[in-house]
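# Commentary on secondary and tertiary structure
Letter by letter, the chains look like this.
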Amino acid sequence: MFKRSIISILITLIGITIICAATPNPEFVNFIGSSFSPRAFKDGAMSDEAIQQILYAGSRAGSGMNAQPWHFTVVKNKTNIAKMMNNVNDGNILIVVSGLEKHPFKEFDCGLATQNMFLAAKALGYNARIYASGVQTVNNEMRETLSIPDGYNAIMILRVGYLADNVDVTTSASPRATVDEKSNIVK
Ligand SMILES: Cc1cc2nc3c(=O)[nH]c(=O)nc-3n(C[C@H](O)[C@H](O)[C@H](O)COP(=O)(O)O)c2cc1C
């Protein structure tokens with residue numbers, strides 16, 4: 001009896017997972033299209049729950065051979081943040097994305113994780129921007145301070161916080177080439 005209940009619960013859970021994975025969500029494509037990254041932030045502390053959700057999104061990225069060759073370091077301390085970036089608002093966090101040096105696809109995989117966290121931050125109502133500047137400083141001067149694990153090097157930095165009030169969301173995104181300019185379909 002007990003065994004049968006466990007089996008039916010498992011079948012239900014698998015069913016739900018399959019349904020969720022297959023449910024169309026075209027709005028999500030529009031959400032991606034509207035997710036740009038203004039430089040203008042304002043002060044305001046993020047909740048720990050939001051930070052955990054953003055890290056969770058990063059950890060769900062795909063990776064070559066499922067190696068998950070990343071490590072995320074959340075930096076809240078203003079003195080440490082100032083060494084990596086200028087003019088950061090109170091409450092902004094930096095997430096340093098480090099890659100496992102020996103892994104062949106580390107840059108690509110860390111890029112996917114970074115983009116997942118970027119989109120998660122936007123989905124949770126925060127502003128976010130990806131930065132390459134500051135990475136060299138981390139690798140040359142801040143490895144110990146930030147406890148970057150041995151064998152890993154910083155690859156990218158994600159800044160997350162509140163969007164400034166005066167940002168015009170219709171004109172602030174950087175222009176993009178059209179889909180036609182950047183793609184071709186071979187029939
Ligand atoms: C790999 C990478 C490195 C970036 N480095 C920086 C940087 O060092 N400084 C900066 O201000 N923005 C940086 N950006 C943000 C880009 O400039 C931004 O994504 C692009 O201009 C599109 O802007 P939008 O999202 O506001 O439309 C970087 C983005 C990526 C993906």
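The notes below deal with the structure included here. Since the model is a prediction, treat every value here as computed from it, not as a measurement.

### Points about the site of the ligand
Residues in close proximity to the ligand include Phe36, Ser37, Arg39, Arg129, Ile130, Tyr131, Ala132, Ser133, Met156, Ala173, Ser174 and Arg176, which together make up its full environment. Within the contact set of the ligand, an oxygen atom lies 2.7 Å away from a side-chain nitrogen or oxygen of Ser37. In this structure, a nitrogen atom belonging to the ligand sits 2.8 Å away from a main-chain N or O atom of Ile130. Relative to its unbound accessible surface of 630 Å², the ligand loses 65% to contact with the protein. Here the shell around the ligand is built from residues that sort into six nonpolar, three polar and three charged.

### Remarks on the packing of helix H3 (residues 48-59) against helix H5 (residues 106-123)
Where H3 meets H5, the axes come as close as 7 Å, and the angle between the chain directions of the two elements is 145°. For H3 against H5, the interelement crossing comes out right-handed. Touching Ile54, Leu55, Ala57 and Gly58 of H3 are Ala113, Asn116, Met117, Ala120 and Ala121, all from H5. A per-class count over the contact of H3 with H5 returns seven nonpolar, two polar and no charged.

### Concerning the pairing of strand E4 (residues 127-131)
Taken across its five residues, E4 has four buried, putting it largely inside the fold. Sheet topology note: the E4/strand E5 (residues 152-163) ladder contains five bridges and is antiparallel. Bridge pairing in E5 links Ile130 to Leu158.

Cut-offs used in this document
Residues numbered from 1 in each chain as written. Predicted model: local features only at pLDDT ≥ 70, side-chain atom pairs only at ≥ 80, totals over all residues. Heavy atoms only, no water. Near = heavy atom within 4 Å. Polar contact = N/O pair within 3.5 Å; in protein donor to acceptor, adjacent residues only side chain to side chain. Areas by Shrake-Rupley, 256 points an atom, 1.4 Å probe, with all protein chains shown as cover. Nonpolar A, V, L, I, M, F, W, Y, C, P; charged D, E, K, R; others polar. Axes fitted to C-alpha atoms, helices over the stretch in contact; angles between N-to-C directions. Helix = DSSP H or I, 4+ residues; strand = E, 2+ residues; numbered from the N terminus. Left-handed = near helix turned anticlockwise from the far one by under 90°. Contact = heavy atoms within 4.5 Å. Buried < 20%, exposed > 50% of the residue type's maximum accessible area, 1.4 Å probe, protein only. Pairing = 2+ DSSP bridges.

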